Amino acid sequence: MTYPTLSIATDRLRLTVLAAGGPRILGLQLDGGPNLLAETPAARWATPWGEFALLGGHRLWHAPEAFPRSYWPDLAGPEAELIDNGVILRSAVDPGGIAKTIAVTLDPVQPRVHLCHTLTNHGLWPVELAPWAITQLAPGGVAILPLHDGQPPANPVAPHRQIALWPYTPLPDPRLHLTADYILIDTSLSGPPAKIGAHSPAGWLAYLHDGVVFLKQAAYHPDHSYPDRNSNLEIYYDQGCTELETLAPLLRLEPGAAVTHDEVWLVAPWPSHIDREDLFKTLAKMAAELV
């Protein structure tokens, strides 16, 4: 089944989004190249409200994940609204009273995208949740999750790196490489579904694939608690896609209230000469320039 879409573009980037409902971003192209986002037409699940279709690409959920709440079918909803250099994507109100919005704005000069994710509580009772921005990328690349922000630890005898593992993540996993600065995941290797998260003040995630780097950056809030054992950065990977996920802190969203979660994306050619020794420094510098 196909769904109506529309595109927004600059000289460098083209984004394809659902024309209604979602909100979903289905396509991301740099300089007329292939779609960098995963396409998952076969990923569908039965729910009490009908079939949920994943489709691939970028979506907005709210954590913590639970079935069937997280899998409410969202492809029917308000039409997308074109704005200067961008588009606003909106969902219908889900059975729990939550409506999702993503305002997407393209940088007119640089290959960058700003996304403002909003959750609004239209229900009659408070809901504990956290905005959760999920980007599914085409499989076969290398994902990088930074474990710290490159600054000296405030207390050298206290722990400053924290990792969360999901029950289905196999260990040892030949795709997974742990260094002092980051976790590297080689998704060109076959293997079962897996997921890993971290509490990291770095606030960014990156993906290298076919000579292109995709980097997404979100604000880090050190004085707040995050879902999933306090993870603000997460990566899910299987043979169909690699998901880069940023989360906002957990909060109690009162009726009529809204919460936002911003991301900035950078899509750029990746120099082939950069080795793993310089990987963290190079990506951290690129992320810092997005703030």
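Residues numbered from 1 in each chain as written. Predicted model: local features only at pLDDT ≥ 70, side-chain atom pairs only at ≥ 80, totals over all residues. Heavy atoms only, no water.

1. Examining the nonpolar core
One finds Leu15, Ile25, Leu28, Val104 and Ile235 to be the most contacted residues of the largest nonpolar core, which totals 44 residues. With four residues, the top contributor of residues to this core is strand 9 (residues 98-106). Aside from chain neighbours lying at most four places away, what touches valine 104 is Ile8, Leu15, Ile25, Ile83, Asn85, Gly86, Val87, Leu89, Val113, His114 and Leu115. Residues Ala202, Leu208, Val264 and Leu279 belong to the second largest nonpolar core, which totals 21 residues. (Core = buried A, V, L, I, M, F, W, Y, C linked by side-chain atoms within 4.5 Å. Buried < 20%, exposed > 50% of the residue type's maximum accessible area, 1.4 Å probe, protein only. Helix = DSSP H or I, 4+ residues; strand = E, 2+ residues; numbered from the N terminus. Contact = heavy atoms within 4.5 Å.)

2. Some words on the packing of aromatic side chains
Overall, the coordinates contain 11 aromatic pairs when judged by the stated rule. Between phenylalanine 52 and tryptophan 61, the aromatic rings sit 6.0 Å apart at their centres with planes inclined by 55°, giving tilted as the arrangement. In terms of burial, phenylalanine 52 and tryptophan 61 fall into one category: buried. Taken together through their ring pairs, the aromatic side chains of Trp45, Phe52, Trp61, Phe67, Tyr71 and Trp132 make up a single cluster. Between arginine 59 and the ring centre of tryptophan 61, over which it is positioned, the NZ or CZ distance is 4.3 Å. (Phe/Tyr/Trp six-rings, centres within 6.5 Å; stacked < 30°, edge-to-face > 60°. Lys NZ or Arg CZ within 6 Å of the ring centre and 35° of its normal.)

3. Points about a nonpolar patch on the surface
The grouping of Ile163, Leu165, Leu171 and Leu178 at the surface amounts to a nonpolar patch, some 400 Å² of accessible area in total. Mapped onto the elements, leucine 178 comes out in strand 14 (residues 176-178). (Patch = residues over 30% accessible without salt bridge, like charges linked within 9 Å, V, L, I, M, F, W, Y side chains within 5 Å. Areas by Shrake-Rupley, 256 points an atom, 1.4 Å probe, with all protein chains shown as cover. Salt bridge = Lys/Arg side-chain N within 4 Å of Asp/Glu carboxyl O.)

4. Brief notes about unusual backbone geometry
The peptide bond linking alanine 63 to proline 64 adopts the cis configuration, its omega dihedral lying at 0°. In the Ramachandran plot, aspartate 31 falls in the positive-phi region, its phi being about 50° despite a non-glycine side chain. The phi dihedral of aspartate 210 is positive, around 50°, even though this residue is not glycine. In this fold, aspartate 210 is placed in the loop between strand 17 (204-209) and strand 18 (212-218).

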